[in-house]
Amino acid sequence: DSIVYRTVYDTEKEAQTVPADSPYHGKLIGKALEKYAIEDSIAKVFGSESLGRIADEGLQIHGGYGFTEEYPFAGFYRNTRIDRIYEGTNEINRQIITGYFLKKALLEELPIREKLRNVPGILKEIDDLYYGDLLRREKQSLELAKHLTMLVLHEAICKFGQAMRTEHQLMEIIADMLIHLYLVDSTLARVSQRNEKGMPIDIQKKIAQTLSSESMYQISTLAMKGITNLLVGDALKGSLEIVESFIRRMVIPRDLFTLKREIAEDIINKEEYNY
Ligand SMILES: Cc1cc2nc3c(=O)[nH]c(=O)nc-3n(C[C@H](O)[C@H](O)[C@H](O)COP(=O)(O)OP(=O)(O)OC[C@H]3O[C@@H](n4cnc5c(N)ncnc54)[C@H](O)[C@@H]3O)c2cc1C
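Quantities reported herein were computed from a predicted structural model and do not represent experimental measurements. Note on numbering: residues in each chain are counted from 1, in written sequence order. A pLDDT threshold of at least 70 governs which residues receive local features in this predicted model, and a stricter bar of 80 or more applies before side-chain atom pairs are shown or counted, although totals over entire chains, interfaces and linings include all residues. Neither water nor hydrogens contribute to the side-chain values; these are computed over all heavy atoms in the structure.

I would appreciate a short explanation of the packing of aromatic side chains in the present structure.
Two numbers describe a pair of aromatic rings. These are the distance of the centres and the angle of the planes. We call Phe, Tyr and Trp rings a pair once their centres come within 6.5 Å, taking the six-membered ring for Trp, and we label the pair stacked below 30 degrees between planes, edge-to-face above 60, and tilted otherwise. Enumeration according to the criterion identifies three aromatic pairs in this entry. For the pair Tyr 65 and Tyr 71, a centre-to-centre distance of 5.1 Å together with 50° between the ring planes defines the contact as tilted. Given a relative accessible area of 36%, Tyr 71 falls into the partly exposed group. Aromatic side chains Phe 73 and Phe 76 sit 5.1 Å apart centroid to centroid with 90° between the ring planes, which places their arrangement in the edge-to-face category. In this pair, Phe 73 and Phe 76 both sit in helix H5 (residues 73–80), three residues apart, roughly one turn of the helix. Per-residue accessibility, obtained with a 1.4 Å probe over protein chains only, is compared with the maximum for each type, and a residue is labelled buried under 20%, exposed over 50%, and partly exposed between these values. Helix numbers and strand numbers start at the N terminus; a helix is a DSSP run of H or I with at least 4 residues, a strand a run of E with at least 2.

In structure tokens:
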């Protein structure tokens, strides 16, 4: 829910900058909403797929009873399936995520060139970043993951240019990388914000550590897939070496089994999810 609250807040704030008496009110609201098109699509895709996974796991946990209509999970399972289809199917939303990102990259609205220029440097600098910060290891991995994503995007633009928009499988890989980046970024920001306000963060920190670790595994796999499908021969060999050096540093050494058990115990004890 860090993604949803952040995106709704940012989108609403942007919409409120539009003067109510403007003769172009509708058009300006459209422009304001468009500013967060990437984040909105990420929230839609990630939210609906998380709900689908939870309904699936919930049904499975109940075994045969989960499948029968006597218990509620069969209904949850069926009803959540539509969320991946309406409000723009998740396939189309993934095209929107990468499409808008590509547009912003080409218009230089995002500091992509800056990140790309520093691809070799970031591996050397990373140990000195976020000194003294809460969740420092996670923030360092996120920074590396951002550079790695830009590297894959750069190779994709070099190979296909604007025609990349019709390379739907590649667009999906990059969209999934961006989804994980936004997810980790939003979660780390939420925990830091709570910490600054003096609120308890014990379990929130564990959730952020677990989620960051798992996202780093996912981003690593996606980067390998992207590069392997984009390059051949010596170019592939050289790029894979760079990707592997990123992955070695991005993977966060944490005991996820214990972390997950502790999070589950807290939810069971409180009988609610309230983080
Ligand atoms: C219960 C329900 C409620 C609805 N409510 C509303 C509503 O309130 N308002 C409204 O406007 N609409 C509503 N819809 C319609 C809904 O938005 C559409 O079903 C949805 O946009 C998908 O369009 P489609 O069904 O024509 O599928 P299609 O566009 O035919 O797509 C079929 C499949 O192909 C995939 N696909 C298509 N293009 C690509 C591509 N380029 N790359 C990869 N995959 C692709 C799609 O993701 C999808 O999986 C509702 C639908 C349902 C079932």
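Looking at this structure, I do not really get the site of the ligand. What am I missing?
The ligand sits among Ile 82, Ile 85, Tyr 86, Thr 89, Glu 91, Ile 92 and His 168. Between N or O atoms, a polar contact is any pair within 3.5 Å; within protein, one atom must be a potential hydrogen donor and the other a potential acceptor, and residues adjacent in sequence are included only when both atoms are from side chains. A distance of 2.6 Å is found between an oxygen atom of the ligand and a side-chain nitrogen or oxygen belonging to Thr 89. One of the side-chain N or O atoms of His 168 is found 3.5 Å from a nitrogen atom in the ligand. Against a free-state accessible area of 970 Å², the protein chains account for coverage of 31% of the ligand. Any residue that is not Ala, Val, Leu, Ile, Met, Phe, Trp, Tyr, Cys, Pro, Asp, Glu, Lys or Arg is counted as polar, Gly included; the first ten are nonpolar and the last four charged. Here the shell around the ligand is built from residues that sort into four nonpolar, two polar and one charged. A molecule or strand has a residue near it when one of that residue's heavy atoms lies within 4 Å. Note on areas: these come from Shrake-Rupley sampling with a 1.4 Å probe, and a residue is covered only by the protein chains present in the view.

Explanation requested: helix H3 (residues 37–61) in the structure shown.
Because an α-helix packs 3.6 residues into every turn, residues spaced three or four apart end up facing the same way. Expected span of a helix: the number of residues minus one, times 1.5 Å. With 25 residues, H3 should cover 36 Å at 1.5 Å per step; its first-to-last C-alpha distance of 36 Å lies within 8% of that length. Just past H3, the residue Gly 63 takes up positive phi, approximately 60°.

In this structure, what is going on with the nonpolar core? I would like to understand it.
In globular proteins that are soluble, nonpolar side chains generally tend to be buried together. To define a nonpolar core, start from buried Ala, Val, Leu, Ile, Met, Phe, Trp, Tyr and Cys residues and group those joined through side-chain atoms within 4.5 Å. The biggest cluster of nonpolar side chains holds 54 residues, and the ones touching the most others in it are Ile 97, Leu 153, Met 164, Ile 174, Met 216, Phe 246 and Met 250. When contributions to this core are tallied by element, the ones reaching two or more residues are H3, helix H6 (90–106), helix H8 (119–125), helix H9 (136–160), helix H10 (168–196), helix H11 (202–230) and helix H12 (233–250). Ranked by the residues each element gives to this core, the list is headed by H10, at 14 residues. Domains are outlined according to an automatic or database domain assignment. Both domain 1 (2–84) and domain 2 (90–270) contribute no fewer than three residues apiece to this core. Not counting chain neighbours up to four residues away, the residues in contact with Ile 174 comprise Thr 98, Val 152, Leu 153, Ala 156 and Met 164. Contacts were defined at the residue level, with two residues in contact if any of their heavy atoms lie within 4.5 Å.

Is there a simple way to think about the pattern of salt bridges in this case?
Pairing of side chains with opposite charge becomes possible as their charged atoms draw close. Salt bridge, as used here: a side-chain nitrogen of Lys or Arg that lies within 4 Å of a carboxyl oxygen of Asp or Glu. Tallied over the entire structure, the rule returns 16 salt bridges. Where Glu 14 meets Lys 35, a salt bridge forms, and the shortest distance between an N and an O atom there is 3.4 Å. One end of the pair, Glu 14, is in helix H1 (residues 2–15); the other, Lys 35, is in helix H2 (residues 25–35), with 21 residues separating them in the sequence. Residue classification places Lys 35 among the partly exposed residues on the basis of a relative accessible area of 41%. Residues participating in the shared-partner salt-bridge network are Arg 6, Lys 146 and Asp 185.

Is there a simple way to explain the domain arrangement of the protein in this structure?
The assigned domain composition of the protein is domain 1 (2–84) and domain 2 (90–270). Each of domain 1 and domain 2 was reduced to a C-alpha centroid, and the two centroids are 21 Å apart. On the side of domain 2, 17 residues touch domain 1, which itself brings 19 residues to the contact. For any pair of parts, buried area is found by adding up, for both, the accessible area (1.4 Å probe) each one loses once the two are put together. Overall, the association of domain 1 and domain 2 removes approximately 1700 Å² of surface from exposure, summing both partners, and the carbon and sulfur fraction of that is 60%. When the area that domain 1 buries against domain 2 is broken down by residue, the three leading residues are Arg 6, Ile 38 and Ile 42, summing to 32%. Summed over the shared surface of domain 1 and domain 2, the number is two salt bridges. Asp 185 is the salt-bridge partner of Arg 6, the closest N and O atoms lying 3.0 Å from each other. At the junction of domain 1 and domain 2, the tally comes to 11 residue pairs in polar contact (both at pLDDT 80 or more).

How should I be thinking about the packing of H6 against H10 in this particular structure?
Packed helices, taken two at a time, are described by the angle between their axes plus the distance between the axes. All axes here are fitted lines through C-alpha atoms, helices being fitted over the stretch that makes contact, and every angle between N-to-C directions spans 0 to 180 degrees. The N-to-C vectors of H6 and H10 enclose an angle of 80°; their axes lie 8 Å apart at closest approach. With respect to H10, the element H6 is oriented roughly perpendicular. Mapping the contact onto sequence places Glu 91, Arg 94, Gln 95, Ile 97, Thr 98, Gly 99 and Phe 101 in H6 and His 168, Met 171, Glu 172, Ile 174, Ala 175, Asp 176, Leu 178 and Ile 179 in H10. Class assignment of the residues belonging to the contact of H6 with H10 gives a composition of seven nonpolar, four polar and four charged. When describing relative orientation, an angle under 35 degrees is termed roughly parallel and one over 145 degrees roughly antiparallel, while 65 to 115 degrees is termed roughly perpendicular and anything else oblique.

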